[in-house]
Each structure stands twice: as structure tokens, then as C-alpha cells.
Amino acid sequence: MTENLNEQSIATFLDALASSAPTPGGGSVAGTSGAMAAGLVSMVCSLTIGKKQFAEIEDEVRGIHDRSEALRRELQDLAQADIEVFGRLSAAYKLPRTTDADAATRKAAIQQVTRSAADVPLRIAQAAAAIIPLCTSLSNRCARLIVSDVGVAALLARATVQSAILNVEINLAGLEDTIFVRETRAQLEDLSVGLGEEAEGILAIVRQRINQ
């Protein structure tokens, strides 16, 4: 798959996803779902900005919108980066190993690219985690008729973090750099702390407002 992910239609992306091609895969799906979560936050902000009843919080909502749009662009780029790093990793595995020197070069290349393959989904998880507080800020302050979109954004963001973490972990399993693995696992643990509780808190507010 050579066409940039951000230049494809949704139908093209889904067809490629369902095919036997190894990319796009779970990492790209995580990045894309995170971008969709950020897009929903931006939509809620756009529907709030300029409304008289929300004039007092308009500056705050504009700030949330700017942040969500930055995260959306970052996650879209990371979804494409996941495809690209997979390509580099596949190429590394295809390097010759005829001689001991070849084998050592191949092993070093695999290790180097695998670190990048772990870093991309880590960045996806970090970006998606940053969407959750934006949802918290909006859940009690947007119009009731669009509060469900905030809930969907929070659910998608949480799922993105959890999905991206899986993609980090599978790459860490192949790394020999124990310091890097330990430090990365610590970052994953930090990302997971309180994630479920915050998302559930948002959903509780959303459901309460839906049923008002």
C-alpha cells in the first residue's frame, strides 16, 4: 500500500484494512480512531463557538478546539508513520544473513527499527490520552443535544490508548535493550493510571445529561 493514508477515502482505507496486506494494521487503526475522537471534540467545539448561551466560555472552548485539532493532525500523521515504520521493519527482516557479519548487521537493523516501531504507537497512546481531559472539560458545558458525541470521543480515545499500548508491547517483546524496555513500560503504566476511571466519569456525566 503506497498511497498516503491521509489521502485515501474511508472506503479505500477499509478495503485495504480488510485485505491480506499487512498494512494498514492495528497501529494505523489506533491512530485513525484517535484522530476520529479528536475530530468529534473539534466538532462539539465548533457547534459551541459563536452561540450566545456559551459566550462566557467561548475563549476556553476555542482553546480546546485548537488543542483537539493539533491532536487530530498528529494522530493522522502517526497512523501513516505506523505504516512506514512497518515497511522499514519488513525490509530489515529481509536483509541477508549469509555470513556472521551479515547476520550481525541484520540483527542490529531489526533492533533499531523495532525501537521506532514501539515509539510510534507510544506516541499514539500519548496523544489519545490527551483527548480525555478535553472531553472532561466539554461534558458538562456543551449543548445537551451533542453531549453524546463527547461520550463517543472519550470512548474512542480510551480504546485508542489501550489499542496503541498493545502495539507497543508486541514490539517491546522483541527488543534486547532492557533499559529502553523498562522505561517504555513505565510510560505505558503512567498512561494507564486513571484512564478508565476518567473515561467512565465522562460517560456518567453524558448519560446523566442525556436522561435529564
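Asks: Please provide a residue-by-residue account of the pattern of salt bridges, values included.
Replies: A complete count under the given rule lists seven salt bridges for this structure. Residue Glu 176 is joined to Lys 107 by a salt bridge in which the shortest nitrogen-to-oxygen separation is 3.2 Å. Linking Glu 176 in the loop between helix H6 (147–172) and helix H7 (178–192) with Lys 107 in helix H4 (residues 100–129), this pair joins segments that are 69 residues apart in sequence.

Asks: Describe H7, naming the residues involved and giving the relevant values.
Replies: Compared with the 21 Å implied by 1.5 Å per residue over 15 residues, the 21 Å span of H7 between its first and last C-alpha is a close match. On its buried side, H7 packs onto H4, H6 and helix H8 (195–210). The distance from a side-chain oxygen at the start of H7 to the backbone nitrogen of Ile 179 is 3.2 Å, and the residue carrying that oxygen is Asp 177. Immediately beyond the C-terminal end of H7, within one or two residues, lies Gly 194, with a positive phi of roughly 75°.

Asks: Please give an account of the nonpolar core that cites residues and values.
Replies: Formed by 56 residues in total, the largest nonpolar core has its most connected members in Val 41, Ile 131, Cys 135 and Leu 172. Contributing elements (two or more residues each) for this core: helix H2 (26–48), helix H3 (58–93), H4, helix H5 (131–139), H6, H7 and H8. It is H4 that contributes the most residues to this core, twelve residues altogether. Excluding residues that lie within four positions of it along the chain, Val 41 makes contacts with Ile 64, Ser 68, Ile 131, Leu 134, Cys 135, Leu 138 and Ala 153.

Asks: Lay out the packing of H4 against H6 in plain terms, naming residues and giving numbers.
Replies: Orientation of H4 relative to H6, taken along the N-to-C sense of each, is 165°, at an axis distance of 8 Å. As summarised for this structure, H4 and H6 are arranged roughly antiparallel, according to the angle between their axes. Considering only the axes of H4 and H6, their crossing is left-handed. Along its contact with H4, which presents Thr 114, Ala 117, Ala 118, Pro 121, Leu 122, Ile 124, Ala 125, Ala 128 and Ala 129, the element H6 presents Ala 157, Thr 160, Val 161, Ala 164, Ile 165, Asn 167, Val 168, Asn 171 and Leu 172.

Asks: Quick rundown of the packing of H3 against H4? Include the residues and the values.
Replies: Where H3 meets H4, the closest approach of the two axes is 9 Å, and the angle between their N-to-C directions is 165°. As far as their axial angle goes, H4 and H3 are roughly antiparallel. Between H3 and H4 the crossing geometry is left-handed. Per-class residue counts for the contact of H3 with H4 are 17 nonpolar, two polar and five charged.

Asks: Quick rundown of a nonpolar patch on the surface? Include the residues and the values.
Replies: Taken together, the side chains of Ile 10, Leu 14, Leu 17 and Val 29 present a nonpolar region at the surface, about 340 Å² in accessible area. Element by element, the count of residues in the nonpolar patch is highest for helix H1 (residues 10–18), at three residues. Mapping Leu 14 onto the fold places it in helix H1. For Leu 14, a relative accessible area of 46% translates into the label partly exposed.

Asks: Outline the side chain of Gln 8, supporting the account with residue identities and numerical values.
Replies: Within the element layout of this structure, Gln 8 appears in the segment before H1. For Gln 8, a relative accessible area of 14% corresponds to the buried category.

Asks: Tell me about the state of the cysteines, and name the residues and values.
Replies: Scanning the model with the defined rule gives zero disulfides in all. Its sulfur unpaired, Cys 45 is 9.0 Å from the next cysteine sulfur, which belongs to Cys 142. With relative accessibility at 0%, the residue Cys 45 sits in the buried group.

The rules we used
Along every chain, residues carry numbers that run from 1 in the direction the sequence is written. Note on the predicted model: pLDDT of at least 70 is required for a residue's local features to be given, and 80 or more for side-chain atom pairs to be given and counted; whole-chain, interface and lining totals, by contrast, use all residues. Side-chain measures here rest on the full set of heavy atoms in the structure, leaving out hydrogens and waters. We define a salt bridge as a side-chain nitrogen of Lys or Arg found within 4 Å of a carboxyl oxygen belonging to Asp or Glu. Here a strand is any run of E in DSSP of at least two residues, a helix any run of H or I of at least four, and the numbering for each starts at the N terminus. Expected span of a helix: the number of residues minus one, times 1.5 Å. Every residue pair with non-hydrogen atoms within 4.5 Å of one another is taken to be in contact. Residues adjacent in sequence count toward polar contacts only when both atoms are side-chain atoms; beyond that, a polar contact is any pair of N or O atoms within 3.5 Å, and within protein one must be able to donate a hydrogen and the other to accept it. The criterion is simple. A nonpolar core is a set of buried Ala, Val, Leu, Ile, Met, Phe, Trp, Tyr and Cys residues joined through side-chain atoms within 4.5 Å. Per-residue accessibility, obtained with a 1.4 Å probe over protein chains only, is compared with the maximum for each type, and a residue is labelled buried under 20%, exposed over 50%, and partly exposed between these values. Each axis is a line fitted through C-alpha atoms, and for a helix only the stretch in contact is used; angles between axes span 0 to 180 degrees, taken between their N-to-C directions. Each angle gets one of four labels, with under 35 degrees taken as roughly parallel, over 145 as roughly antiparallel, 65 to 115 as roughly perpendicular, and the rest as oblique. Note on convention: near helix rotated counterclockwise from far helix by under a right angle means a left-handed crossing. Clockwise means right-handed. In this count, Pro and Cys sit with the nonpolar residues alongside Ala, Val, Leu, Ile, Met, Phe, Trp and Tyr, while Asp, Glu, Lys and Arg are called charged and the others, Gly among them, polar. A patch consists of residues whose relative accessible area exceeds 30% and which take part in no salt bridge; residues with like charges are grouped when within 9 Å of each other, and nonpolar side chains (Val, Leu, Ile, Met, Phe, Trp, Tyr) when within 5 Å. For accessible areas, the Shrake-Rupley method is used with a probe of radius 1.4 Å. Any residue's cover is judged against the shown protein chains and nothing else. The criterion for a disulfide is a pair of cysteine sulfur atoms lying within 2.5 Å.

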